[in-house]
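Residue-level listing of the chains:
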Amino acid sequence: MNARNCHDHAIARAALLIGCTALVLSLSGTGAQAQPRDIARQTLGAGDGWGSHGTGTTGGATADAQHVYTVTTWEQFRAALKDGGTAPRIIKVKGVIDAVSQGCDAFAAEGYDFGKYLAAYDPAVWGHDKPVSGEQEDLRAASAAAQDKTIKASVPANTTIVGVGKGSGIRGGSLQIKGVDNVIVRNLAFEAPIDCFPQWDPTDDNKTGAWNSEYDGIVVYGSTHVWVDHNTLTDGRYPDSALPSYFGKTYQQHDGLLDVVRGSNHVTVSWNSFKDHDKTMLIGNSDSATADDTGKLKVTLHHNRFEGIVERAPRVRFGQVDSYNNHFVVAKGQKWGYVYGIGKESRLVAEHNAFTLAQGISPAKILKKWNEAPVTAASNIVNGKAVDLIAVHNAEIPAETLQSGAGWTPTLRADVDPAKAVPGMVDARAGAGRLC
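Summarised in this report is the structure supplied together with it. Keep in mind the model is a prediction, meaning the values are calculated, not measured.

Each value, and the rule that gives it
- Within any chain, residue numbers begin from 1 and follow the written order of that chain's sequence.
- The predicted nature of this model means local features are confined to residues of pLDDT at least 70 and side-chain atom pairs, given and counted, to a pLDDT of 80 or more, with totals for whole chains, interfaces and linings taken over all residues.
- Hydrogens are left out, water is left out, and the side-chain values use all remaining heavy atoms of the structure.
- Two rings from Phe, Tyr or Trp (for Trp, the six-membered ring) form a pair when their centres sit within 6.5 Å of each other. Planes less than 30 degrees apart are called stacked, planes more than 60 degrees apart edge-to-face, and all others tilted.
- Working definition: helices are DSSP H or I runs of at least four residues, strands are E runs of at least two. Numbering for both runs from the N terminus.
- Burial status follows relative accessibility: with a 1.4 Å probe on protein chains alone, a residue under 20% of its type maximum counts as buried, one over 50% as exposed, and anything between as partly exposed.
- Cation placement over rings: the criterion is NZ of Lys or CZ of Arg within 6 Å of the ring centroid and within 35° of the ring normal.
- What we call a nonpolar core is a set of buried Ala, Val, Leu, Ile, Met, Phe, Trp, Tyr and Cys residues that are connected through their side-chain atoms within 4.5 Å.
- Each reported salt bridge corresponds to a side-chain nitrogen of Lys or Arg within 4 Å of a carboxyl oxygen of Asp or Glu.
- In this description, contact between two residues means that some pair of their heavy atoms is separated by no more than 4.5 Å.

Before going further, it helps to examine the packing of aromatic side chains. Under the defined criterion, the tally for this structure stands at 22 aromatic pairs. Ring centres of tyrosine 112 and phenylalanine 197 lie 5.7 Å apart, and the angle between their planes is 80 degrees; on these two criteria the pair is classed as edge-to-face. One end of the pair, tyrosine 112, is in the loop between strand S2 (89–98) and helix H3 (114–121); the other, phenylalanine 197, is in the loop between strand S7 (189–191) and strand S8 (199–201), and 85 residues separate them in sequence. Residue tyrosine 112 shares its accessibility class with phenylalanine 197, and that shared class is buried. Geometrically, the ring pair formed by tryptophan 211 and tyrosine 246 is edge-to-face, given 6.3 Å between the ring centres and 75 degrees between the ring planes. Highlighted residues: tryptophan 211 in strand S9 (residues 210–212) and tyrosine 246 in strand S13 (residues 245–246), separated in sequence by 35 residues. Each residue in the set Tyr112, Phe114, Tyr117, Tyr121, Trp126, Phe197, Trp200, Trp211, Tyr246, Phe247 and Tyr251 is aromatic and connected to the rest through ring pairs, giving one cluster. The ring centre of tyrosine 324 lies 4.8 Å from the NZ or CZ of arginine 413, which sits over that ring.

Counting 80 residues, the largest nonpolar core has Phe77, Leu175, Ile218 and Tyr340 as the members making the most contacts within it. Examining the composition of this core, we find that four residues originate from one element, helix H2 (residues 74–82), more than from any other. One finds Trp271, Ala419, Val426 and Ala430 within the second-largest nonpolar core, a separate group that totals eight residues.

Before going further, it helps to examine the pattern of salt bridges. With the rule as written, the count across this model stands at 16 salt bridges. Residues aspartate 205 and lysine 249 are paired through a salt bridge, measuring 3.0 Å at the closest nitrogen-oxygen approach. Here aspartate 205, found in helix H6 (residues 204–207), pairs with lysine 249, found in strand S14 (residues 249–250); they are 44 residues apart in sequence, far enough to count as distant. Aspartate 322 serves as the salt-bridge partner of arginine 413, at 2.7 Å between the closest nitrogen and oxygen. Within this pair, whereas arginine 413 is found in the loop between helix H8 (389–396) and helix H9 (422–429), its partner aspartate 322 is found in strand S22 (residues 320–324), the two being separated by 91 residues in sequence. Accessibility assignment for this pair places arginine 413 and aspartate 322 in one class, buried. The structure contains a network of salt bridges with shared partners spanning Arg305, Glu307 and Asp427.

This next bit is on the environment of aspartate 293. Note on placement: aspartate 293 falls in helix H7 (residues 290–293). Exposure remark for aspartate 293: the relative accessible area of 0% places this residue in the buried category. Sequence separation of aspartate 293 and glycine 319 is 26 residues, and the distance between their C-alpha atoms is 7.4 Å. Residues in contact with aspartate 293, not counting those within four places in the same chain, are Arg262, Gly263, Gly284 and Phe318.

Printed below as a string of structure tokens:
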């Protein structure tokens, strides 16, 4: 190992040690109760992001012995979610559980044939003026419904889901945290679900057509007090770069990794690794959701690592979103659109973050304006140097001039590290298998 590598390794180990010490202090210091060593019974610390607001997020920490489950298959996992009524529960995932272990063909309706589907809806035959319909579309929809029924797992209130042992995770499943309160998801490697049966919409994309897919890795829908911590979320074995094209458009089989939508509130997303994905995270999924989302979608993102991400890290509508101490990496040659999407009535605060951009990539594209909404972006660094993200964006993309000043100041921050310390600290500690 050369001197430079030894030095870098020492820095990473030091950052890990310092970070773990800081975590212990934040969990057991003044203003917070001492945390148990069992990660399954740990709770979100006081003042740690929007998830700590009000009653805080404790998940299934108080579960009795009858409501602690260790699962090794997807079927066991879904059974544990359904068992026990409304009692607090802890579900320990051991090893990798696979929601699509039998493959996509297991969901296909009798008579569905992808070759016939392509032949029936080829734009040269069907055109671009109307949505697809007919026998093969009906069979595709039936196949999709069978997959939907199998790979979605509804998470009840007062639940902790945690990976135990080495390399535990969920492959191809979609966690549905819907209409509930008080959920914790930690220490799991998620391989994003693939849609086995995307739908061709010939009218999409200005009537040039597009393949549309379903299923997010984690969906927080109309739920409150959720903590998503120390997970790895990625496309895994099925990167978008390996997807084929039909009718001149990518056969898209992925949706999001983590979406927070439809009136969800008080969510903390911390120390996760988001890797190699396109449409990564929505906070607010529709401009028309004013009734559901106004005054809600309060989400904190801190100490997360984003690498190989194309866009939506996150795209924000309506919410007061606090994003600090995250590390964003954009490599040479990768497809990239933007990091932060500024959407309808959003109030994003992005501070003390670090961006590592390959040579020739402009920081002007870090921010993307979709709607008129003010944003705070202060004390951020790009390749180790301080950059005013709003100023550089407005100078290079004047057609999308952004307003400065989100109009609120975050107070629920457990620790704020200097932006220059973020890459070493976050790279060493973010993701599954790195809980102290």
